[in-house]
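Listed here are the chains, written in short residue letters.
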Amino acid sequence: MPQADEPIYCSQQINIPPELPDILKQFTKAAIRTQPTDVLQWAYAYFDALAKGETPPVKERLEFQLGQPLEKPLTEGQLGILHRQLGSKPIIELSSLEEKWRHLCLPKDTLEELLRLGSFAEELKWLHFLSLACSAISENLTLAMKTICEILTTDLEGGPARIPFSLFKELYTYLANVDGEIPKEHVDTVINHLGYDVEKQDGMVSPRNFMSDSCPPLSPAL
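A short tour of the structure in this document, coming up.

Thresholds applied
- Residue numbers run consecutively from 1 along every chain, following the written order of its sequence.
- Owing to the predicted nature of the model, reporting of local features is limited to residues with pLDDT of at least 70; listing and counting of side-chain atom pairs is limited to 80 or more, with chain, interface and lining totals taken over all residues.
- Water and hydrogen atoms were dropped before computing side-chain values, which therefore reflect all heavy atoms in the structure.
- Each helix is a run of DSSP H or I of at least 4 residues and each strand a run of E of at least 2, with the numbering of both proceeding from the N terminus.
- Burial status follows relative accessibility: with a 1.4 Å probe on protein chains alone, a residue under 20% of its type maximum counts as buried, one over 50% as exposed, and anything between as partly exposed.
- Contact definition: two residues touch when any of their heavy atoms are within 4.5 Å.
- Here the Shrake-Rupley method, with its probe set to 1.4 Å, supplies the accessible areas, and only the displayed protein chains count as covering residues.
- What counts as a ring pair is set by centres within 6.5 Å for rings of Phe, Tyr and Trp (its six-membered ring), and what kind of pair is set by the plane angle: stacked under 30 degrees, edge-to-face over 60, tilted for all other angles.
- A patch consists of residues whose relative accessible area exceeds 30% and which take part in no salt bridge; residues with like charges are grouped when within 9 Å of each other, and nonpolar side chains (Val, Leu, Ile, Met, Phe, Trp, Tyr) when within 5 Å.
- Take a side-chain nitrogen of Lys or Arg and a carboxyl oxygen of Asp or Glu: if they are within 4 Å of each other, that pair is a salt bridge.
- His residues and chain termini do not enter the charge count, which takes Lys and Arg as positive and Asp and Glu as negative.
- By convention, the point assigned to a charge is CZ for Arg, NZ for Lys, CD for Glu and CG for Asp.
- Only the stretch in contact is used when a helix axis is fitted, and all axes are lines through C-alpha atoms; the angle between N-to-C directions ranges over 0 to 180 degrees.
- Here the angle decides the label: under 35 degrees means roughly parallel, over 145 means roughly antiparallel, 65 to 115 means roughly perpendicular, and every other value means oblique.
- For any pair of crossing helices, the crossing counts as left-handed if the nearer helix is rotated counterclockwise from the farther one by less than a right angle, and right-handed if it is rotated clockwise.
- Nonpolar residues are Ala, Val, Leu, Ile, Met, Phe, Trp, Tyr, Cys and Pro. Charged residues are Asp, Glu, Lys and Arg, and all others, Gly as well, are polar.
- By nonpolar core we mean a set of buried residues, namely Ala, Val, Leu, Ile, Met, Phe, Trp, Tyr and Cys, connected to one another through side-chain atoms within 4.5 Å.
- Here the limits of each domain have been adopted from an automatic or database domain assignment.
- In a helix, the anticipated span is given by 1.5 Å times the number of residues less one.
- The term polar contact refers here to a pair of N or O atoms within 3.5 Å; inside protein, the definition further demands a hydrogen-donor-capable atom paired with an acceptor-capable atom, and it admits residues adjacent in sequence only when both atoms are side-chain atoms.

### Focus: the overall build of the chain
The number of helices and strands found in the chain is ten helices and six strands. Across the 222 residues that make up the chain, the buried fraction comes to 40%. Sequence separation of at least 24 residues holds for 59% of the intrachain contacts in the chain that already meet a minimum separation of 6. Put simply, the chain shows about 13,600 Å² of open surface, and 53% of that area lies on carbon and sulfur atoms.

### A short note on the packing of aromatic side chains
Going through the model one piece at a time under the given rule, you end up with eleven aromatic pairs. One aromatic cluster in this structure is built from Phe-27, Trp-42, Tyr-46 and Phe-47.

### Structural notes on a negative patch on the surface
A contiguous patch of negative charge on the surface is contributed by Glu-93, Glu-98, Asp-109, Glu-112, Glu-122 and Glu-123. Positionally, Glu-98 belongs in helix α4 (residues 94-103). Classification of Glu-98 by relative accessible area gives partly exposed; the value is 35%.

### A few points about the packing of α4 against helix α5 (residues 108-118)
Look at α4 against α5: their axes get within 11 Å of each other, and the N-to-C directions meet at 150°. As judged from the angle between their axes, α4 and α5 are roughly antiparallel. Here the hand of the crossing between α4 and α5 comes out right-handed. Counted together, Leu-94, Leu-97, Glu-98 and Trp-101 of α4 and Lys-108, Thr-110, Leu-111, Leu-114 and Leu-115 of α5 form the full contact between these two elements. Along the lines of polarity and charge, the residues of the contact of α4 with α5 split into six nonpolar, one polar and two charged.

### Describing a nonpolar patch on the surface
There is a patch of nonpolar side chains on the surface, built from Ile-14, Ile-16, Leu-20, Ile-23, Leu-24, Phe-47 and Leu-50 and spanning about 600 Å² of accessible area. Of all the secondary-structure elements, those providing two or more residues to the nonpolar patch are α1 (20-34) and α2 (39-52). Considering every element that reaches the nonpolar patch, the biggest residue donor is α1, with three residues. Using a relative accessible area of 36% as the deciding quantity, one classes Ile-23 as partly exposed.

### Here's the deal with the nonpolar core
Ranked by internal contacts, the top residues of the largest apolar core, which has 48 residues, are Leu-97, Trp-101, Phe-129, Met-145, Phe-168, Tyr-172 and Phe-210. For this core, the elements supplying multiple residues, two or more each, are α3 (76-86), α4, α5, α6 (126-136), α7 (141-152), α8 (165-179) and α9 (184-199). Of all the elements, α8 adds the most residues to this core, at eight residues. Composition of this core by domain shows at least three residues from each of domain 1 (73-127) and domain 2 (138-221).

### Quick word on unusual backbone geometry
The backbone phi angle of Gln-35 is positive, close to 55°, even though this residue is not glycine. Within the secondary structure, Gln-35 is located in the loop between α1 and α2. Of note, Asp-202 is a non-glycine position whose phi angle comes to about 55°, a positive value.

### Things to note about α7
With twelve residues, α7 extends 16 Å between its outermost C-alpha atoms, agreeing within 8% with the 16 Å of an ideal straight helix rising 1.5 Å per residue. Of all twelve residues in α7, nine are buried; the element is thus mostly enclosed. Those residues of α7 that sit buried are Leu-141, Thr-142, Ala-144, Met-145, Thr-147, Ile-148, Cys-149, Ile-151 and Leu-152. Check the buried side of α7 and you find it contacts α3, α6, β5 (163-164), α8 and α10 (207-210). Capping the start of α7, Asn-140 holds a side-chain oxygen 3.2 Å from the backbone nitrogen of Thr-142, two or three residues further along.

### Topic: the side chain of Ser-138
Position of Ser-138 relative to the elements: it lies in the loop between α6 and α7. Other than its neighbours up to four places away in sequence, Ser-138 contacts Leu-143, Ala-144 and Thr-147.

### Notes on the packing of α6 against α7
Relative to each other, α6 and α7 sit at 130°, their axes nearing to 8 Å. Relative to α7, the element α6 lies oblique. Taken as a pair, α6 and α7 cross one another with a handedness that is right-handed. Mapping the contact onto sequence places Leu-127, Leu-130, Ser-131, Cys-134 and Ser-135 in α6 and Ala-144, Thr-147, Ile-148, Ile-151 and Leu-152 in α7.

Spelled out as structure tokens, the structure:
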């Protein structure tokens, strides 16, 4: 029984905002696609981004491997979210990256290792960090560059995943330098080989170009 001083409500007095059902529906779909490890932390970041008119931390689709949802600490889908949130500026502040990283409930030690490998400071070049992170989740440099193309391309999903050749050269050269065991001469050989394809593709390059049998491997066998 309600206390004497408690207000009594009836259904006619409760006003449900008409947009609430759709907001909750979109939130639920986003949570299912993103599969956050900490739902409360992620939910805070999701609604905070919506309130500020920013890009929310939501994957474009649920990621699978061998028919099962991915359970890796860092995935291409999560890197895609970070790129949509941070990629509008060539140089970003470390604090912004740390905030978005935390909102996705990603491991702090993984971020610290990437920052160490790239010798990043309080300000960092976003595409260099992104490419290094792609390398960290890939088996080899070729697959890392494929992932980079898939994140950066403006082609529709399932398309050729093209990016400007100038951007490919910058990021491939950067990763080769970080690797430290790929001779500059080999990098130049790969770039010169791809140049012939690029001339016929309006200055664009796609994974099928550098993954073809005719292209020298991005990382030579030692």
